[in-house]
Amino acid sequence: MTDRESLQRAPWQREGSGRNVSASLSATTMHRHHSRIRLFLITLLAPLCAACAPPDAGKPEDGQAVVAAASPTIDSQRLILLHDEPETWLTGGRDFQQRYFSPLDQINRDNVAELGYAWHLDLPMEHGYEATPLMVDGVLYGSGPQGIAFAVDAVSGALLWEFDPQIDPQFMRKVCCGVVNRGVALWGNKLFVGALDGFLYALDRKDGSVVWKADTLTNRNRGYTITGAPYIANDLVIIGNAGAEFDARGYITAYDVDTGEERWRFFTVPDNPTGPWEHPELATAAATWDTNSLWQVGLGGTVWDAMAFDPQLNLLYVGTGNAAPYPRKLRSPAGGDNLYLASILAINPDTGQLVWHYQTTPGDNWDYTATQKMILAELDLNGVMRKVLMQAPKNGFFYVLDRVTGELISAEPYAAVNWASHVDTETGRPVETEQAEYFYEPKLIFPGPQGAHNWQPMSYNPQTGLVYIPVKEAGAIWTLPDEPFSYQQGGLNSHSQYIFTTPGEWGLDSALAKTLPALEVLGAGQPDTTIRGYLRAWNPVTQTLAWERETSGPWAGNMNAFWNGGGVLSTAGALVFQGRGTGDLVAMDANTGEVLSRLEVGASMMAAPMSYSVDGTQYLAVLTGVGGGNGNDYVPGMAAYTYGNAGRLVAFKLGGGTVPKRTEIIREAEVLKPPPMPLRGSAEAISLGESLYLRNCAKCHSNIDGRGSGIPDLRLMSAATHARFDAIVLEGALVDRGMGSFSDLLSPADVDAIHAYLIRESWLQYEGQLTKWHATEG
């Protein structure tokens, strides 16, 4: 067997050399089950959108889509010279550096209190909206759950066209962390968007019609989905995938932007110990895995979010995800770094070959992805200007790398960390502590699996020199289940168990918690276990905290604090903006963190805002609607609890008005009626049903009284639903509503055990007379 030393490498190494609609400002007429794309006639749009045409554009002919008057092409040269277009937001982070910084300063710290409502567009789904819209030539482009896409007049908010990919609903059950989408890419006259079921679409920018469509999945029976945004590198569009909690093997694929032809594919982990492999870099990777690794599980390393492209260096930067399964002693028993998990890769897009790599978390054991946003910058380090790449991944360390060579320049903790004492700058490796390994006994480990920083974009302001990071301070208790590992194709395969240091079914009130030592015992000598959220301003040169503001809101001490730390925008107006779960869009002084204004949006937010300008007027825009990995637990104090969670695109400008809120949801308590089904099943069957439910069902059906996102509380099933239970779970009777068949994962006996468990839960709820909430519109 290969020994531990031969399975390790230095963590950084340079490799050998639509539909179009009427003039209504509301998109509530969008129908999620139709992908018809109709032309939006200029005769209907002109009264609303005249201002969106460039000043020198001629009057469009009758029947011509308003975007057809669009301006200069979108290409590498325009991206490099974006400093000449401060009004434009061309990529997810605005520029190729992915800074989430706007050079506009019309809205500034002196007048931000005058910021108000400009317009809004209602969107069709109640899942989380995580994308930041793009704006070019007077048109906003965005995306939403499942991979819907839309174009909007940037001045009026009029919907120009919409696109629905009509996904295979069976893929809804293959998501670990919410039915979400993180954005679109623009190039030439095309818009690119990934759909949840693994297809990449190239749409015509002017009307949303499909130009080409590519199936990006290597195996549609495994747990693959697409939740991330495509990225552009020269004449290629690059897309990754999600699914490492299931049985995905990570990879990215490059497609020709014009034809959709596959040009190359780069796998992030090998699929066997001896070859042959798809490309030579996998030979290097295979040497860092045990030959007896769980190859059949896929091993993870999915690229579900972060990428960046430097057109001047011609390097594509890719962040890779966590391992499958989580525990390394199961996954690769002899140990090893397990390349290229939790790594940053620099790839030559012309060839698809690796130029260098840096592994942030060798031998990942804790779901510490390196898929968080990367920012490219030029920093003065000891009197030398360095081209750097900055990332604050889940593991709690802030990394500054030389983006030409991959050399580690510095790494310091930006949050509480106890799995490693520090990162050795000589070797580039983290130095693990005894607290890191939970294989033999439960351990309280910081950060928890949600990460000190997750997908929510951070922002770099080159004027202040600070990076603004939405931070989560939370640990988790990790333990290894007693039952042996068993592989399920297309099913969850993370295997290890964890709970959070908070009350609730995912924390200290869970069945698992009752089998573990008390928190006081596990937490002795460890960081504070009180869960909190922060916005931290970080100096990347000195690797020190400049300022911080707590964002926990009313929820310090429980997981709901996670809802209040959305993505970040900074601007040349010396401002930092962040949306909150409370429904407030908060503006802070970029130098001090002083809160300057709170704009009531009436909708919970987690996406990063953006800013643009049309005809001399600066706007801010943000997508609203929460979800994703934080679950569906909407609690009092959240706008989603008060007004619902249907998505919106909301824009603001100076001198604007008050945001029109949705009708408030009134919740009335009522006495529970006896459940329609009698108790059944043995204690063993119910225990099995609970385990199966938590593994396969609880991510969506959290069964929390009256606080979900429209996903049913299965303790409150009607007699008719009980009668159809087997047909729903095994035959996909409700597949049109997103509830696909689980027949490939669950046997009839498994489903019967789950049903028995839910019946018991419904009786426990009834006998305890827990509150049933009846929600109505006021």
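Remember, it's a predicted structure, so these values are computed and weren't measured experimentally. (Residues numbered from 1 in each chain as written. Predicted model: local features only at pLDDT ≥ 70, side-chain atom pairs only at ≥ 80, totals over all residues. Heavy atoms only, no water.)

> Describe in detail the sheet that holds strand 11 (residues 210-215), supporting the description with residues and values.
Within a sheet, each strand pairs with its neighbour through backbone hydrogen bonds, oriented either parallel or antiparallel. As summarised here, the arrangement of the four strands in space is 8-9-10-11, forming an open sheet in which the pairing is antiparallel. Of all the strands in the sheet, just strand 8 (185-187) and strand 11 have a single pairing partner and so form its edges. Neighbouring strand axes in the sheet, compared pairwise and without regard to direction, differ in orientation by 20° on average. (Pairing = 2+ DSSP bridges. Helix = DSSP H or I, 4+ residues; strand = E, 2+ residues; numbered from the N terminus. Axes fitted to C-alpha atoms, helices over the stretch in contact; angles between N-to-C directions.)

> Explain unusual backbone geometry residue by residue, including any values.
Most peptide bonds are trans, and most residues other than glycine sit at a negative phi. Between G275 and P276 the backbone carries a cis peptide bond, its omega angle lying at 0°. Counting through the fold element by element, P276 comes out in the loop between strand 15 (262-267) and helix 3 (281-286). For the bond running from F446 to P447, omega is -10°, close enough to zero to count as cis. With respect to the secondary-structure elements, P447 resides in the loop between strand 26 (443-445) and strand 27 (459-461). A positive phi angle is found at A342, which is not glycine, with a value near 45°. Its place among the elements puts A342 in the loop between helix 4 (328-331) and strand 18 (343-348). With a relative accessible area of 0%, A342 lands in the buried category. Non-glycine residue A574 carries a positive phi angle of around 60°. Position of A574 relative to the elements: it lies in the loop between strand 33 (568-571) and strand 34 (575-579). (Buried < 20%, exposed > 50% of the residue type's maximum accessible area, 1.4 Å probe, protein only.)

> Any details on the side chain of N181? Residues and values, ideally.
You can see N181 is positioned in the loop between strand 7 (159-163) and strand 8. Since its relative accessible area comes to 1%, N181 is described here as buried. Within the structure, N181 has its side chain in polar contact with the backbone nitrogen of G183 (distance 2.9 Å). The contacts of N181, once residues within four sequence positions are left out, are E130, A131, S143, G144, P145, G147, V193, G194, T227 and G228. (Polar contact = N/O pair within 3.5 Å; in protein donor to acceptor, adjacent residues only side chain to side chain. Contact = heavy atoms within 4.5 Å.)

> How would you explain the state of the cysteines if you had to name every residue and give the values?
Inspection of every chain in the model, using the stated rule, returns one disulfide. C176 shares a disulfide with C177; S-S distance 2.1 Å. Since a negative S-S torsion denotes a left-handed disulfide, the C176-C177 link at about -85° is left-handed. (Disulfide = S-S within 2.5 Å.)

> Requested: an account of the packing of aromatic side chains, with residues and values cited.
In this description, a pair of aromatic rings is defined by centroid distance and the angle of the planes. Per the stated rule, a full pass over the model turns up 25 aromatic pairs. With centroids separated by 5.9 Å and ring planes inclined at 50°, the aromatic side chains of F192 and W212 adopt a geometry described as tilted. Taken together, the residues span a long stretch of sequence, with F192 in strand 9 (residues 190-194) and W212 in strand 11 at a distance of 20 residues. Assigned by exposure class, F192 and W212 land together as buried. (Phe/Tyr/Trp six-rings, centres within 6.5 Å; stacked < 30°, edge-to-face > 60°.)

> With reference to specific residues and values, describe the sheet that holds strand 39 (residues 648-654).
The antiparallel open sheet is built from four strands, whose spatial order is 3-39-38-37. Where the open sheet ends on each side, the last strands, each with one partner, are strand 3 (115-122) and strand 37 (610-614). In this sheet, adjacent strand axes meet at a mean angle of 30° when their direction is disregarded. Both strand 38 (residues 617-624) and strand 39 contribute to a ladder of five bridges, which runs antiparallel. Residue pairing across strands places A621 opposite A651, the latter belonging to strand 39.

> Explain the nonpolar core residue by residue, including any values.
Side chains of a nonpolar character, in soluble globular proteins, are inclined to be buried together. Ranked by internal contacts, the top residues of the largest apolar core, which has 129 residues, are F577, Y612, L649 and F652. Setting aside residues up to four positions removed in sequence, L649 forms contacts with W119, H120, L121, L123, P133, L140, F150, V152, A621, V622 and L623. Listed in part, the 20 residues of the second largest apolar core include A233, M307, V318 and L339. (Core = buried A, V, L, I, M, F, W, Y, C linked by side-chain atoms within 4.5 Å.)

> Now, about the pairing of strand 3: what can you tell me, with residues and values included?
Of all the eight residues making up strand 3, seven are buried; the element is thus mostly covered by neighbouring parts of the structure. The pairing of strand 3 with strand 39 spans seven bridges and is classified as antiparallel. Bridge pairing in strand 39 places G116 opposite K653.

> Account for the environment of V614, naming residues and giving values.
Relative to the elements of secondary structure, V614 occurs in strand 37. Residues V614 and T88, 526 residues apart in the sequence, show an inter-C-alpha distance of 8.9 Å.

> Outline the confidence of the model for the protein chain, listing residues and values.
Reading predicted coordinates in detail is not appropriate for stretches of low pLDDT. Summarising the model, the protein chain shows a mean pLDDT of 88, and 88% of its residues fall at 70 or more. Low confidence marks residues 1-6, where pLDDT is under 50. Its contacts with residues over four positions away, or in another chain, come to 10 contacts. (pLDDT = per-residue confidence, 0-100.)

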